[in-house]
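Chain by chain, the residues:
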Amino acid sequence: MSGMRTILTSTAAIAFMGLGYGMWSVISPGEQRRKEMLKNLPESNPVRMEETRQRNAMLMQVLKDAAETSDNLARGLGPGK
């Protein structure tokens, strides 16, 4: 009986893995759709990429300035002031 249970459990595990792989292959985009999605990413637009670089640089500067001060900057923010 134990051998039958092992065979049944193994068969069920393999069936579930096959089902998962089948579902993954059905919902994954095709090559044409993948190329279209890559074309529409923000990184493909040079102007948008430069704006993102500038925004990241400003954010890093703000974080650097905040790290160098001993004031609690969060205390002055919000509607409770």
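Residues numbered from 1 in each chain as written. Predicted model: local features only at pLDDT ≥ 70, side-chain atom pairs only at ≥ 80, totals over all residues. Heavy atoms only, no water.

- Per an unreviewed UniProt entry, the chain is named Ubiquinol-cytochrome-c reductase complex assembly factor 3, and its organism is Poecilia latipinna.
- Quoted straight from UniProt, the Sequence similarities (unreviewed entry) entry for the chain says "Belongs to the UQCC3 family."
- As stated in UniProt under Subcellular location (unreviewed entry), the record for the chain gives "Mitochondrion inner membrane". (UniProt positions renumbered as here; feature names shortened; annotations may be inferred.)

Looking at the overall build of the chain
Right, on to step 1. In terms of helices and strands, the chain carries three helices and zero strands.
Right, on to step 2. Along the chain direction, N to C, the helices and strands of the chain fall in the order α-α-α.
Right, on to step 3. Looking at the chain residue by residue over its 81 residues, the buried ones come to 0%.
Right, on to step 4. Element-wise, carbon and sulfur atoms account for 64% of the exposed surface of the chain, whose accessible area totals about 7800 Å². (Helix = DSSP H or I, 4+ residues; strand = E, 2+ residues; numbered from the N terminus. Buried < 20%, exposed > 50% of the residue type's maximum accessible area, 1.4 Å probe, protein only. Areas by Shrake-Rupley, 256 points an atom, 1.4 Å probe, with all protein chains shown as cover.)

Some words on helix H1 (residues 2–27)
Right, on to step 1. Its 26 residues give H1 an end-to-end C-alpha distance of 38 Å, which sits within 8% of 38 Å, the value for a rise of 1.5 Å per residue.
Right, on to step 2. Among the 26 residues in H1, zero count as buried, and that is only a small part of the element. (Expected span 1.5 Å × (residues − 1).)

Considerations on the UniProt feature "transmembrane region" (unreviewed entry) in the chain
Right, on to step 1. When the UniProt feature table is mapped to this numbering, "transmembrane region" (unreviewed entry) covers residues 6–27.
Right, on to step 2. Taken end to end, residues 6–27 is 100% helix and 0% strand, and its two terminal C-alpha atoms sit 32 Å from one another.

Some remarks on helix H3 (residues 46–68)
Right, on to step 1. The end-to-end C-alpha separation of H3 is 33 Å, in line with the 33 Å expected for 23 residues at 1.5 Å each.
Right, on to step 2. For H3, the capping residue at the N-terminal end is Asn 45, with a side-chain oxygen 3.2 Å from the backbone nitrogen of Val 47. (Polar contact = N/O pair within 3.5 Å; in protein donor to acceptor, adjacent residues only side chain to side chain.)

Some points on a nonpolar patch on the surface
Right, on to step 1. A contiguous nonpolar patch, built from Phe 16, Leu 19 and Met 23 and spanning about 360 Å² of accessible area, is present on the exposed surface.
Right, on to step 2. As for its placement among the helices and strands, Met 23 is situated in helix H1.
Right, on to step 3. By relative accessible area, which is 53% here, Met 23 ends up exposed. (Patch = residues over 30% accessible without salt bridge, like charges linked within 9 Å, V, L, I, M, F, W, Y side chains within 5 Å. Salt bridge = Lys/Arg side-chain N within 4 Å of Asp/Glu carboxyl O.)

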